[in-house]
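Read off the chains here:
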Amino acid sequence: MSEVVTSEMVVRPLSDAMGAEIIGVDAANMIDADFERLRDALHEHIMLAVRDQALDPASQTAFAKRFGEIQYHINSEYKMKDQPEVLILSTEVVDGKNVGIPDAGSDWHSDHSYVDRPTAYTILQSVVVPEHGGDTEWTNMVMAYETLSDDLKARIEGLIGIHSFNRARNPRWSRVSRHKDPDEYYNRVSPPDAFHPIVRTHPATGRKALFVSPRFTIGIKEMDDTEAQPLLDALFAHIDNRDFVYHHKWRPGDLVLWDNRQTLHLACGGVKPPEVRRMHRTTVLGEIPA
Ligand SMILES: [Fe+2]
């Protein structure tokens, strides 16, 4: 793909799989035409790293609202007190307490796929970027769908995945948890199951993408686990392909956006104290997947 220049905004692909960096814009003060170009670039490249941004929580919220309605996280604990649209992801510990979610996204997932209207867009403003660790990966689920064998494509046609926040019901859970009694925690906070097509069509691009994840997809509707789990295993084995992945090493000032309808993402972790990683997350409500 070649570099595209529109007015001041430069869109430069980051890998063969997906992702682009954006240079030459101020996300807090974009005219509508530039915003529309940015959104089109996001749909095309699936993930964008807008360089050299420093949105405060109010500006980040206003920027997110240009994409649609804010989606609030089910856990109130780490929402910013005076700006609840912003969720704090952080490894910082103050007075023995985490100031944000320290380990969000440690399994491949699409944000909020466990509710009826999963997230369309996630926006992460980097606030503190460590020298080592804290990278993030995204995988291209359009490419994943398109490269499935004809046999697998036929087998998943019309199937509906069961999505749950409840790790205690996920057969792929390693049982590693920061919660004291994880079974009690997940059973208490998890909303009812959500049901989504295993192949979804993007409302803007018309592209088809796989919409399952090891973190949240725990079964297949109206299919016994003896059949459903091996089928999910086959899909997850297919997704596990570095050719689909973009690995992001964060730079200070990165404002990263992604389209959850076309990608899974993974927090790579590995931040060691006294280094700190802090990000501010805002999510935008999506449509009912179809
Ligand atoms: Fe996430």
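If you're wondering where the values come from, they're calculated on a predicted model, not measured in any experiment.

## Quick notes on the overall build of the protein chain
The secondary structure content of the protein chain amounts to six helices and 20 strands. Against the globule reference of 19 Å for 290 residues, the protein chain gives a C-alpha radius of gyration of 19 Å, in line with a compact fold. Taken along the three principal axes of its C-alpha coordinates, the protein chain extends 55 × 50 × 35 Å. Counting all 290 residues of the protein chain, 40% fall into the buried class.

## Quick look at the nonpolar core
Core analysis: the biggest nonpolar cluster contains 59 residues, and I22, M47, L48, L210 and V256 have the highest contact counts within it. Here this core takes five residues from helix 3 (residues 141–146), the largest share from any one element. The two domains that each donate at least three residues to this core are domain 1 (4–129 + 249–285) and domain 2 (140–239). Those residues within four positions of L48 in sequence are excluded, and the remaining contacts are A20, I22, A41, L42, V256 and L257. Counting residues in hydrophobic clusters, the runner-up holds five residues, among them Y114, V115, F165 and A194.

## A few points about the domain arrangement of the protein chain
Domain boundaries in the protein chain define domain 1 (4–129 + 249–285) and domain 2 (140–239). Each of domain 1 and domain 2 has a C-alpha centre, and the two are 23 Å apart. Contacts between domain 1 and domain 2 engage 20 residues on the former and 23 residues on the latter. When the residues that make up the side of domain 1 that touches domain 2 are grouped by side-chain class, the tally is nine nonpolar, seven polar and four charged.

## Points about the sheet that holds strand 11 (residues 135–140)
Taken in spatial order, the three strands of this open sheet run 17-11-19, and their pairing is antiparallel. In this open sheet, the two strands that pair with only one neighbour each are strand 17 (245–248) and strand 19 (263–269). Sheet twist, expressed as the average angle between the axes of neighbouring strands with direction ignored, equals 20 degrees. Where strand 11 lies against strand 17, four bridges are found, and the strand directions are antiparallel. Residue pairing across strands places T139 opposite V245, the latter belonging to strand 17.

## Focus on helix 6 (residues 225–239)
The end-to-end C-alpha distance of helix 6 is 20 Å, a good match for the 21 Å that 15 residues give at a rise of 1.5 Å each. All buried positions along helix 6 are accounted for by L232, L235 and I239. When helix 6 is viewed along its axis, its buried side chains cluster within an angular range of 60 degrees and face the same direction. The exposed set on the far side of helix 6, more than 90 degrees from its buried face, consists of T226, E227, P230 and A237. Taken together, the buried residues of helix 6 touch strand 11, helix 3, strand 15 (208–210) and strand 16 (217–220).

## Digging into the sheet that holds strand 13 (residues 194–197)
Spatially, three strands are ordered 13-12-16 in an open sheet, and the strand pairing comes out antiparallel. Taken across any chain shown, the strands that pair with only one partner, and hence form the sheet edges, are strand 13 and strand 16. Mean inter-strand twist for the sheet, computed between neighbouring axes without regard to direction, equals 35 degrees. Where strand 12 (residues 160–163) and strand 13 come together, four bridges link them in antiparallel fashion. Bridge pairing in strand 13 places H163 opposite A194.

## Regarding unusual backbone geometry
What you tend to see is this: most non-glycine residues have negative phi, and most peptide bonds are trans. Of the consecutive residues P273 and P274, the connecting peptide bond is found in the cis state with omega at 5 degrees. Of note, P274 is situated in the loop between strand 19 and strand 20 (278–285). Although it is not a glycine, R175 adopts a positive phi angle of roughly 70 degrees. Locating R175 in the fold gives a position in the loop between strand 12 and helix 5 (182–189). Positive phi is not limited to glycine here, since E222 has a value of about 55 degrees. By the secondary structure assignment, E222 is in the loop between strand 16 and helix 6.

Cut-offs used in this document
Residues numbered from 1 in each chain as written. Predicted model: local features only at pLDDT ≥ 70, side-chain atom pairs only at ≥ 80, totals over all residues. Helix = DSSP H or I, 4+ residues; strand = E, 2+ residues; numbered from the N terminus. Rg over C-alpha atoms; globule rule 2.2 N^0.38 Å. Buried ≥ 20, exposed ≤ 12 C-beta atoms within 10 Å, placed from the backbone. Core = buried A, V, L, I, M, F, W, Y, C linked by C-beta atoms within 7 Å. Domains from an automatic or database assignment. Contact = placed C-beta atoms within 7 Å. Nonpolar A, V, L, I, M, F, W, Y, C, P; charged D, E, K, R; others polar. Pairing = 2+ DSSP bridges. Axes fitted to C-alpha atoms, helices over the stretch in contact; angles between N-to-C directions. Expected span 1.5 Å × (residues − 1). Arc of directions from axis to C-beta.

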